[in-house]
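Structural overview
One-letter residues, chain by chain:
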Amino acid sequence: MTSYSAMHNKILDGQRVADAVLSSIKKEIESLRQRKPCLAVVLVGDDPASAIYVKRKTKACLETGFESIQKIFPATVSEEELTEYLLSLNASSNVDGILVQLPLPAHLNQRKITSLISPDKDVDGFHPVNLGKLVTEDSSGYVPCTPLGVKELLEASSVDLAGKHAVIVGRSTIVGKPLSLLLLQKQKGMNATVTCVHSYTHDLPLIVKQADLVVAAIGRAEFIRGEWIKEGAVVIDVGINRVEDASAKKGYRIVGDVEFEGALQRASLITKVPGGVGPMTIAMLLKNTYKSYKSKGIHV
Ligand code: GUN
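Residues numbered from 1 in each chain as written. Predicted model: local features only at pLDDT ≥ 70, side-chain atom pairs only at ≥ 80, totals over all residues. Heavy atoms only, no water.

Some details on the nonpolar core
Going by this rule: Side-chain atoms within 4.5 Å are what join buried Ala, Val, Leu, Ile, Met, Phe, Trp, Tyr and Cys residues into a set we call a nonpolar core. Think of it in three bands: with a 1.4 Å probe and only protein chains considered, a residue is buried below 20% of the maximum accessible area for its type, exposed above 50%, and partly exposed in between. Only runs of H or I of at least four residues qualify as helices and only runs of E of at least two qualify as strands under DSSP, and these elements are numbered from the N terminus. Residue contacts are counted whenever heavy atoms from the two residues lie within 4.5 Å of one another.
Counting residues in each nonpolar core, the largest one holds 30 residues, and the members touching the most others are Phe66, Met284, Leu285 and Leu286. When residues of this core are traced back to their parent elements, those giving at least two are α2 (14-30), β2 (38-44), α3 (48-64), α7 (145-156) and α11 (277-295). Ranked by residue count, the leading element in this core is α11, at eight residues. Here Leu286 is in contact with Leu22, Ile25, Ala60, Cys61, Thr64 and Phe66, once residues within four sequence places are set aside.

Some points on the pattern of salt bridges
As a reminder of what qualifies: Salt bridge, as applied in this entry: a Lys or Arg side-chain nitrogen positioned within 4 Å of an Asp or Glu carboxyl oxygen.
Per the stated rule, a full pass over the model turns up nine salt bridges. Glu155 is the salt-bridge partner of Lys151, the closest N and O atoms lying 3.9 Å from each other. With Lys151 and Glu155 both in helix α7 and four residues apart, this pair spans about one turn of that helix. Judged by its relative accessible area of 9%, Lys151 falls in the buried class. The salt bridge partner of Glu152 is Lys287, with a shortest N-O separation of 2.5 Å. Taken as a pair, Glu152 in helix α7 and Lys287 in helix α11 lie far apart in primary sequence, 135 residues in all. A residue is classified by how much of its surface remains accessible, and Glu152, at 18% relative accessible area, is buried. By relative accessible area, Lys287 is classed as partly exposed at 33%. Here the salt bridges share partners, and the residues they tie into one network are Arg35, Asp96 and Lys296.

Points about the packing of α2 against α11
For clarity, the cut-off: Note on method: axes are straight lines fitted to C-alpha atoms, helices fitted across the in-contact stretch only, with angles between N-to-C directions ranging 0 to 180 degrees. Angular relationships are summarised with four words: roughly parallel below 35 degrees, roughly antiparallel beyond 145, roughly perpendicular across 65 to 115, and oblique for the angles in between. Note on convention: near helix rotated counterclockwise from far helix by under a right angle means a left-handed crossing. Clockwise means right-handed.
Put simply, α2 and α11 touch, their axes get as near as 8 Å, and they point 25 degrees apart. Viewed along their axes, α2 and α11 adopt a mutual orientation that is roughly parallel. α11 is crossed by α2, and the crossing has left-handed handedness. Contacts between α2 and α11 involve Gly14, Gln15, Val17, Ala18, Val21, Leu22, Ile25, Glu28 and Ile29 on the former and, on the latter, Pro279, Met280, Ala283, Met284, Leu286, Lys287, Tyr290 and Lys294.

A few points about empty space enclosed by the protein
Operational definition: Cavity and pocket criteria rest on a 1 Å grid covering protein atoms alone: a 1.4 Å probe that fits but cannot get out defines a cavity, protein on both sides within 12 Å along at least 5 of 7 lines defines an open pocket, and an atom within 4 Å of a point defines a lining residue. Grid points are joined across faces, edges and corners, and a volume is the space filled by probe spheres set on the points. Classes in brief: Ala, Val, Leu, Ile, Met, Phe, Trp, Tyr, Cys and Pro nonpolar; Asp, Glu, Lys and Arg charged; the others, Gly included, polar.
In the structure shown here, the tally under the stated rule is one cavity of 30 Å³ or more. If you add up the space inside the largest cavity, you get close to 30 Å³. Around the largest cavity, the lining residues are Ile98, Leu99, Val100, Thr114, Ile117, Asp122, Asp124 and Phe126. For the lining of the largest cavity, the element with the most residues is strand β4 (residues 97-100), which contributes three residues. Of the residues belonging to the lining of the largest cavity, the class tally is five nonpolar, one polar and two charged.

Thoughts on the UniProt feature "domain: Tetrahydrofolate dehydrogenase/cyclohydrolase NAD(P)-binding" (unreviewed entry) in the protein
To keep things clear, this is the line we draw: UniProt positions are given in the numbering used here, feature names are shortened, and annotations may be inferred rather than shown by experiment.
Taking the numbering used here, the UniProt-annotated feature "domain: Tetrahydrofolate dehydrogenase/cyclohydrolase NAD(P)-binding" (unreviewed entry) corresponds to residues 144-295. Structurally, residues 144-295 comprises 34% helix and 19% strand, and the distance from its first C-alpha atom to its last is 18 Å.

The following block contains the structure:
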């Protein structure tokens, strides 16, 4: 039986690493004599989860000393109206970063809308120019925030992936695909052998069982079972899922894509949900926005 303190030492504390990133940015911003960095966050509709994420992003901006613009459109907004607003943000010299919270209502084409954001303000890293820079390892681009947060969390925990087998569960444009590219990069700590598995993959548990690093990003509560985790593997859980729980005050609790208690027994390092990748995503959003601000040469 592993002791409590040994268990505790296994936790990759995303909240702590994110707090350190944000407090270092905050310190730099406090000494700025020019205008502060500014992030514009756009929400379309009233999806409750998206509303919570947007609130957290705006709150982090204000706590870190950023300017923040928050714009909420009804779910029925036309493509023309949304386009016009995004183009006005592109043109504003006071705006460094622009983010449209996803998912968008079905009548809006996500790819088309995210591609309207100027690549040099695309702090979410979803524009094809920035995704192309990720492929070519051009560090002038913006890397999507959740994959970047996973990378920084691994680095902060001195995990060296060189030659290791990383299995990413999920192939989304927001997490799985860009994270595959990051972990493949010819860069200190990366250089992993990457397998990206998804709903069509045969023998998925067999592949996960071979992983030195498992990143779960499929959005299915506790899909990755504890017994699939190889002894000593590192486990990063990107999932945020609500499951009904009559004993909880709100009637539900939040769990990840990994069956935590089972995986904890086998993993050498593991993230919790909440308190793992989520705070890192927000910290990377502000880091990208500050990078955009600095690239304009107005920080002296
Ligand atoms: N929806 C889920 N994750 C994200 C994200 O990282 N950025 C945006 N804009 N929307 C999301």
